[in-house]
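# Observations on the model geometry
Each chain is listed here by its residues.
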Amino acid sequence: MTTLYARYAAHIDAALDALEKEGVLQPGVDRRNLTVEPPRDASHGDLAANAAMVLAKPAGMNPRALAEALAAKLNAIDDVASVDVAGPGFINLRLTDDAWRAELTLIAEGGADYGRSTLGKGSIVNVEYVSANPTGPMHMGHCRGAVVGDALATLLEHAGHKVIREYYVNDAGGQVDVLARSAHLRYREALGEDVGEIPEGLYPGDYLIPVGQKLAHDHGDRFVGAPESDWLVLFRETAVAAMMDMIRADLALLGIHHDVFSSEAIVQREKKPEAAEAILREKGLVYDGVLEAPKGEVDPDWEPVTLPLFRSTQFGDDQDRPIKKSNGSWTYFGADMAYHFQKAQTADALIDIWGADHAGTVKRIKAAVTALTGGTKPFDVKLVQMVRLLRGGEPVKMSKRSGNFVTLADVVREVGKDVVRFTMLTRKADAQMDFDFAKVVEASKDNPVFYVQYAHARICSLKRKAAEAGITASGSELGRLDAADLGLAKLAAQLPRLVESAALAREPHRIAFYLYDLAAAFHSYWNSGNDDPTRRMFQADAPEVTAARLFLASAIGQVIANGLAIMGVAAAEEM
RNA sequence: GCGCCCGUAGCUCAGUUGGAUAGAGCACGAGCCUUCUAAGCUUGGGGCCGCAGGUUCGAAUCCUGCCGGGCGCGCCA
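Predicted model only: the values in this text are computed from it and were never measured. (Residues numbered from 1 in each chain as written. Chains lettered and ligands numbered in written order. Predicted model: local features only at pLDDT ≥ 70, side-chain atom pairs only at ≥ 80, totals over all residues. Heavy atoms only, no water.)

## Some thoughts on the sheet that holds strand β9 (residues 306–310)
- Taken in spatial order, the three strands line up as β8-β9-β10 in an open sheet, and their pairing is antiparallel. Only two strands of the sheet have a single partner each, and these edge strands are β8 (286–290) and β10 (321–322).
- Judged from the two bridges that link them, β9 and β10 form a sheet pairing that is antiparallel. The residue of β10 that forms the bridge with Phe310 is Arg321.
- Most of the contacts of helix α10 (residues 272–282) go to β8, to which it runs at about 85°, and overall it touches β8 and β9. (Pairing = 2+ DSSP bridges. Helix = DSSP H or I, 4+ residues; strand = E, 2+ residues; numbered from the N terminus. Contact = heavy atoms within 4.5 Å. Axes fitted to C-alpha atoms, helices over the stretch in contact; angles between N-to-C directions.)

## Structural notes on the protein's contact with RNA strand B
- Taken together, 67 residues surround RNA strand B, and among them Glu37, Val305, Lys445, Arg497 and Trp526 come closest.
- Across the atoms of RNA strand B situated within 4 Å of the protein, the share located in sugar and phosphate is 58%.
- Separating a base nitrogen of RNA strand B from a side-chain N or O atom of Arg40 is a distance of 2.9 Å.
- In this structure, Tyr451 approaches RNA strand B through a side-chain N or O atom, which is 2.8 Å from a phosphate oxygen.
- For the surface near RNA strand B, the elements supplying multiple residues, two or more each, are α2 (51–59), β4 (90–95), α6 (174–190), α16 (448–468), α18 (495–505) and α19 (509–531).
- It is α19 that provides the largest number of residues to the surface near RNA strand B, a total of nine residues.
- Broken down by class, the residue content of the surface near RNA strand B amounts to 27 nonpolar, 22 polar and 18 charged. (Near = heavy atom within 4 Å. Polar contact = N/O pair within 3.5 Å; in protein donor to acceptor, adjacent residues only side chain to side chain. Nonpolar A, V, L, I, M, F, W, Y, C, P; charged D, E, K, R; others polar.)

## A word on the sheet that holds strand β5 (residues 124–128)
- Taken in spatial order, the five strands make up an open sheet running β7-β6-β5-β11-β12, and their pairing is parallel. Only two strands of the sheet have a single neighbouring strand rather than two, namely β7 (260–263) and β12 (379–384). If you compare each strand with its neighbour and ignore which way they point, the axes differ by 25° on average.
- When strand β11 (residues 349–355) meets β12, the two strands line up parallel, connected through six bridges. Bridge pairing in β12 places Ile351 opposite Asp380.
- Sheet contacts for helix α12 (residues 362–373): β11 and β12; angle to β12, the most-contacted strand, approximately 160°.

## Focus: unusual backbone geometry
- The phi dihedral of Lys121 falls on the positive side, at around 50°, and the residue is not glycine.
- Checked against the element boundaries, Lys121 lands in the loop between α4 (97–110) and β5.
- With relative accessibility at 75%, the residue Lys121 sits in the exposed group.
- Although it is not a glycine, Lys271 adopts a positive phi angle of roughly 60°.
- Position of Lys271 among the secondary structure elements: in the loop between α9 (264–269) and α10. (Buried < 20%, exposed > 50% of the residue type's maximum accessible area, 1.4 Å probe, protein only.)

## Description of helix α13 (residues 408–415)
- Every buried residue of α13 is listed here: Leu408, Ala409, Val411, Val412 and Val415. Down the axis, α13 shows its buried residues gathered within 165° of arc, on one side only.
- On its buried side, α13 packs onto α5 (140–158), α8 (228–253), α14 (417–424), β15 (433–436) and α15 (437–440).
- After α13 finishes, the residue Gly416 shows a positive phi value of roughly 95°. (Arc of directions from axis to C-beta.)

## What to know about the pairing of β11
- Of all seven residues that make up β11, six are buried, and the element is covered over most of its length.
- As paired strands, β5 and β11 are joined by four bridges and run parallel to one another. For Glu128, the partnering residue across the bridge sits in β11 and is Asp352.
- Crossover β11 to β12 through α12 is right-handed. (Right-handed = clockwise from strand over helix to strand, strands pointing away.)

## Some words on the nonpolar core
- By size, the foremost hydrophobic cluster in this structure holds 140 residues, and its most contacted members are Tyr8, Ile91, Val420, Phe435, Ile511, Ile556 and Met567.
- Here this core takes 13 residues from helix α20 (residues 543–567), the largest share from any one element.
- Setting aside its immediate chain neighbours within four residues, Ile511 contacts Leu155, Leu498, Val499, Ala502, Gly563, Ile566 and Met567.
- Tyr168, Val267, Val286 and Phe310 belong to the second-largest nonpolar core, a separate cluster that totals 27 residues. (Core = buried A, V, L, I, M, F, W, Y, C linked by side-chain atoms within 4.5 Å.)

## Some points on helix α3 (residues 63–74)
- With twelve residues, α3 extends 16 Å between its outermost C-alpha atoms, agreeing within 8% with the 16 Å of an ideal straight helix rising 1.5 Å per residue.
- For α3, the complete set of buried residues consists of Leu66, Ala67, Leu70, Ala71 and Leu74. In a view along the axis of α3, the buried residues occupy a sector of 140°, so they form one face of it.
- Its buried side turned inward, α3 meets α1 (4–21), α2, β3 (80–86) and β4. (Expected span 1.5 Å × (residues − 1).)

## Considering the environment of Val449
- Mapped onto the secondary structure, Val449 falls in helix α16.
- For Val449, a relative accessible area of 4% puts it in the buried group.

## Focus: the confidence of the model for chain A
- In this model, chain A carries an average pLDDT of 90, and 97% of its residues clear a pLDDT of 70 or more.
- When mean pLDDT is compared element by element in chain A, helix α7 (residues 209–219) scores highest at 97, while strand β14 (residues 394–395) scores lowest at 76.
- Taken over the whole predicted complex, pTM reads 0.95, whereas the ipTM for its chain interfaces reads 0.91. (pLDDT = per-residue confidence, 0-100.)

## Focus on the packing of aromatic side chains
- Inspection of every chain in the model, using the stated rule, returns twelve aromatic pairs.
- Here the aromatic rings of Trp231 and Phe235 are separated by 5.2 Å at their centres, their planes lie at 55°, and the arrangement is tilted. Of this pair, Trp231 and Phe235 both sit in helix α8, four residues apart, roughly one helical turn.
- For Trp231, a relative accessible area of 5% corresponds to the buried category.
- Between Phe310 and Phe333, the ring centres sit 5.9 Å apart and the planes meet at 40°, which makes this aromatic pair tilted. Of the two residues, Phe310 sits in strand β9 while Phe333 sits in helix α11 (residues 332–345), which places them 23 residues apart along the sequence.
- Given a relative accessible area of 0%, Phe310 falls into the buried group.
- In textbook terms, an aromatic cluster arises when at least three aromatic residues are bridged by ring pairs, as seen for Tyr187, Phe223, Trp231 and Phe235.
- When the ring centre of Phe261 is taken as reference, the NZ or CZ atom of Arg248 above it lies at 4.6 Å.
- Looking at Lys324, its charged tip hangs above the ring of Trp330, at a distance of 4.8 Å from the centre. (Phe/Tyr/Trp six-rings, centres within 6.5 Å; stacked < 30°, edge-to-face > 60°. Lys NZ or Arg CZ within 6 Å of the ring centre and 35° of its normal.)

## Thoughts on the packing of α6 against α8
- Two numbers describe how α6 lies on α8: the axes approach to 8 Å, and their chain directions differ by 95°. It follows from the interaxial angle that α6 and α8 lie roughly perpendicular. Facing α6, whose interface residues are Val176, Asp177, Leu179, Ala180, Arg181, Ala183, His184 and Tyr187, α8 presents Glu228, Trp231, Leu232, Phe235, Arg236, Ala239, Val240 and Met243.
- Counted by class, the contact of α6 with α8 contains eleven nonpolar, one polar and four charged residues. (Parallel < 35°, antiparallel > 145°, perpendicular 65-115°, else oblique.)

Below, the structure written as structure tokens:
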């Protein structure tokens with residue numbers, strides 16, 4: 001399905017072709033920057049085209065003259081009520097009321113699919129998100145990236161992509177060894193030993209107690225005094241598996257389910273880093289060299305060592321990056337580049353969602369993907385800023401040392417999945433955000449979650465009330481819809497365009513802001529019925545008007561529901 | 001020292017990838033409830049879009065340089 005705006009872009013293209021044929025416009029002028037958009041100021045019309053201003057100079061024409069010539073062509077289109085040339089050469093189109101009524105019918109026919117686009121042409125996008133280390137339960141630091149990644153994945157699906165939702169399990173580094181040792185302590189504890197305080201440097205959380213118990217149950221006491229080499233791998237794998245079960249359960253609370261969980265350990269076992277290194281050495285992009293001493297603070301322990309380095313400076317990075325440590329094992333980056341190359345085998349484009357604290361490593365991984373794929377796979381890293389947790393304006397205290405951080409599960413239990421998801425999308429990803437427990441559950445218009453949900457619930461309530469009166473929505477009397485009604489219809493008809501532009505920008509928060517605007521317009525309309533009974537959607541003595549407005553309200557409800565679906569938020573039927 | 005992100009109303013933030021007179025909410029002022037749900041609505045004031053240049057028909061948006069804030073700059077993950 002093409003959007004209204006795409007249809008008019010095609011009309012303009014055709015009009016330009018005609019002008020070329022008539023000799024008014026010279027052929028071959030670059031048309032790439034032409035747009036058809038709703039004007040910022042609705043009083044200018046329904047659609048605004050910039051074609052005349054963009055083409056005037058390369059075509060050597062006066063922009064207003066070109067605009068007038070185009071306007072004459074566009075005026076002939078059936079759905080166009082009027083065409084104006086304004087300002088420096090804007091072409092403002094006003095559509096007939098019937099054209100907007102037809103949009104309402106499209107919404108009704110489209111149902112849950114209204115707003116879906118074929119823009120992505122079925123190309124495969126791999127979205128990697130969450131990828132929290134498997135060393136404990138999900139906490140609120142992970143939450144925003146999880147929601148943004150998941151909503152972005154759904155958004156891309158609506159925009160016509162096939163999406164792979166992927167989680168990279170960092171089960172190969174030093175942190176999971178620490179996890180294994182922590183589990184060993186809990187294992188001894190489970191066998192009756194008094195282990196006392198959990199020592200510094202190990203994970204203290206209670207969540208490892210059942211892991212220790214399971215290990216004790218399965219293996220008895222034979223690893224109690226055994227050297228680490230006897231049990232480390234076993235304990236690590238057991239603990240990581242348990243952590244991943246926990247993380248999957250936490251994510252499920254948010255309605256998040258990944259398609260693929262990729263293990264760093266398996267990436268290494270399958271020699272993917274070696275393969276990537278060979279490719280890069282072949283291209284002269286990995287060499288054995290010595291890093292310069294770090295700038296800034298002087299480290300007395302720094303010693304020059306020869307390491308295999310990736311030439312990321314060739315792609316704009318500050319320095320070349322080691323892919324192996326001096327002990328011969330792979331660095332995080334060394335494995336990660338191989339992992340990204342692996343993802344690129346089954347996708348046309350890659351997107352990673354990272355916490356902003358990893359911003360410093362974006363250049364090297366982008367460089368590596370470009371180098372390994374020859375630049376054939378577009379790769380975006382979206383950085384998600386931190387969330388500050390508040391309760392009634394006061395920061396929530398978190399003590400990482402005691403393991404008493406605020407877990408995602410606790411927050412979802414307290415405020416609900418829908419509130420968490422919606423709130424996380426009420427700010428663009430690269431802006432910092434406050435999450436105040438008191439505010440997000442507030443039932444007032446200050447709270448966008450509530451405000452949008454309430455609009456949907458109001459529409460459901462209206463339908464129930466009309467059903468009791470024996471009136472059902474009907475698209476056969478849409479002529480009874482007036483200017484105020486059609487104003488709402490115009491806003492509702494924006495959804496397809498919003499889906500496309502939000503998907504192109506990879507910014508799911510735009511859907512949230514759009515829904516807020518739509519809900520505000522709806523509430524405003526609704527309230528106008530307080531003063532003027534003829535503005536009410538339900539009028540028992542005017543069944544035709546009611547049926548038509550019910551059709552309008554249903555369309556708005558559908559659009560809200562579809563937008564919320566992209567965000568992964570349920571559309572409440574009553575509050 | 002270098003890199004990345006940010007700077008828009010008193011506050012919190014949008015701004016449709018460069019469009020027309022820069023928007024919304026909160027807060028402040030003025031109105032509105034025997035309600036199709038006031039869990040709100042209507043309306044008013046409030047701006048050097050950090051500063052200075054540049055690019056062009058047009059800049060909050062793109063480029064350069066400053067100023068200010070945040071984050072990062074290990075063979076960590």
